[in-house]
Every structure is written in C-alpha cells, then in structure tokens.
Amino acid sequence: VLEWTGKKVTNETGIDFVVYENPFLTGSNPNSRFLEPVIVEVSADGSNWCGWNPSYSGGSSNTDLRNPGNYSDLAAITPVEFKQSDSNTLTASDLFTEVTDSHGTHLKGGGDGFDLNASSFGNTGSGCNTTLRDSIRSSGFLYIRLTTAYSRNSSSFPMSSDSFDQKADIDGVVARNVTDR
C-alpha cells in the first residue's frame, strides 16, 4: 500500500496514474514478455478499496503466460521505457502520452496507466460500491494497493514457473494530478 502524504490523486481526463513494474521482452517478439501481473486498487480511507476488473484469458503454457494480450486491467504488463539519464528525457506529460511503434501502443515512458473514468473501474475491490466509486471519481484517492495477482488468486492468475518468488517488483507509481488534502 502506497500513500500520497499530504496529497490526494484527482481524476482528470484520460490516464490518472501509471504503475511501473519490471516486465520485459523475452525475445524480439513483443508478444512474449516476462510478466508478474499486479491487481491495482485505490482508496480514500485505507479500508475500502475500488479496483478495475482484472482478468487473464490465456492458459497455463509459458506462451500464453507471456502474451500481454491475455491480460486486462492489470499492472506489470508493459515494460518501463522511462530513462531519466538518457538524452531522450521525457517530460511529465510524456509519461501519460500514448505512442505506437514496433512494440504496439503504449505510454511513452512505459508502465501501465489507469483511468478512474474507465467503465471497468469500481467493479472490484473490498468495500467498493457505486457510492464509493463515484466519490473517488469526484474527490480523488489517497492510497493505492498493489497486489501480485497470483497471490490473490493463483488459479485465475497463473504465473510463469521462472518467476523468482511469484511476487511483483514495483518500480514506482506516478500520478498525473495531485492536490492538497
């Protein structure tokens, strides 16, 4: 669980925050990645959580487990592209801008973006209901909970056997807009 101390993340048009983990290509095929999928949920009080509608549609083979197209509404699917020391330094707004290249459509800085206005937001989470979802959309959130999908439900979210510990390695989270609490 992460908290924005003294701040809250607010809802804007488009992606509201990006989660960075360490998925990476396992060869030249952009549909073959090492993945440790993460369920993302947000909260205004640290007790009641609303999430998106995470799902996995593949089988148990490594080919399926490494195909990012089999995952939806999860973090840790898109490799990190952000390089602060590179001559191609990205601006804050670049981190929320989509590009299309040989790796498909993704955010310029990589990572996985989440939008509080997405139709799948508020469909899952402990204590989530329409009132809480709408409150988070209108007033923002303070906390984000990141849970390795495999640890939440290993049958719905199988993991590749070469995962070191079946746990995600979160690199960071960036919010598009924050305001004082």
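These figures come from a predicted structure and were not determined experimentally.

Considerations on the sheet that holds strand E3 (residues 17-20)
Now for step 1: With antiparallel pairing, the three strands of this open sheet are ordered in space as E12-E3-E14. At either end of the open sheet lies a strand with only one pairing partner, and these are strand E12 (112-114) and strand E14 (172-175). Adjacent strand axes in the sheet meet at a mean angle of 20° when their direction is disregarded.

Quick word on the nonpolar core
Now for step 1: Formed by 20 residues in total, the largest nonpolar core has its most connected members in Phe-17, Val-40, Val-42, Trp-52, Ile-136, Phe-141 and Ile-144.
Now for step 2: Of all elements in the fold, only E3, strand E6 (38-43) and helix H2 (130-139) reach the threshold of two or more residues within this core.
Now for step 3: It is E6 that contributes the most residues to this core, three residues altogether.
Now for step 4: Aside from chain neighbours lying at most four places away, what touches Phe-17 is Val-40, Val-42, Trp-52, Phe-96, Asp-112, Gly-113, Phe-114, Phe-141, Ile-144, Val-173, Val-174 and Ala-175.
Now for step 5: Among the nonpolar cores identified, the runner-up in size contains nine residues, and Ile-39, Tyr-71, Leu-74 and Ala-149 belong to it.

Here we look at the packing of aromatic side chains
Now for step 1: Throughout the structure, instances matching the rule amount to eight aromatic pairs.
Now for step 2: On the basis of an interplanar angle of 75° and a centroid distance of 5.8 Å, the ring pair of Phe-17 and Trp-52 is categorised as edge-to-face. Of this pair, Phe-17 sits in strand E3 while Trp-52 sits in the loop between strand E7 (50-51) and strand E8 (55-56); the two residues are 35 residues apart in sequence, bridging distant segments of the chain.
Now for step 3: Taking the relative accessible area as the measure of exposure, Phe-17 reaches 0% and is therefore buried.
Now for step 4: Ring geometry for Trp-52 versus Phe-121: centroids 4.6 Å apart, planes at 45°, classification tilted. Taken as a pair, Trp-52 in the loop between E7 and E8 and Phe-121 in the loop between E12 and H2 lie far apart in primary sequence, 69 residues in all.
Now for step 5: In textbook terms, an aromatic cluster arises when at least three aromatic residues are bridged by ring pairs, as seen for Trp-4, Phe-17, Trp-52, Phe-114, Phe-121 and Phe-141.

The rules behind these values
Residues numbered from 1 in each chain as written. Predicted model: local features only at pLDDT ≥ 70, side-chain atom pairs only at ≥ 80, totals over all residues. Heavy atoms only, no water. Pairing = 2+ DSSP bridges. Helix = DSSP H or I, 4+ residues; strand = E, 2+ residues; numbered from the N terminus. Axes fitted to C-alpha atoms, helices over the stretch in contact; angles between N-to-C directions. Core = buried A, V, L, I, M, F, W, Y, C linked by side-chain atoms within 4.5 Å. Buried < 20%, exposed > 50% of the residue type's maximum accessible area, 1.4 Å probe, protein only. Contact = heavy atoms within 4.5 Å. Phe/Tyr/Trp six-rings, centres within 6.5 Å; stacked < 30°, edge-to-face > 60°.

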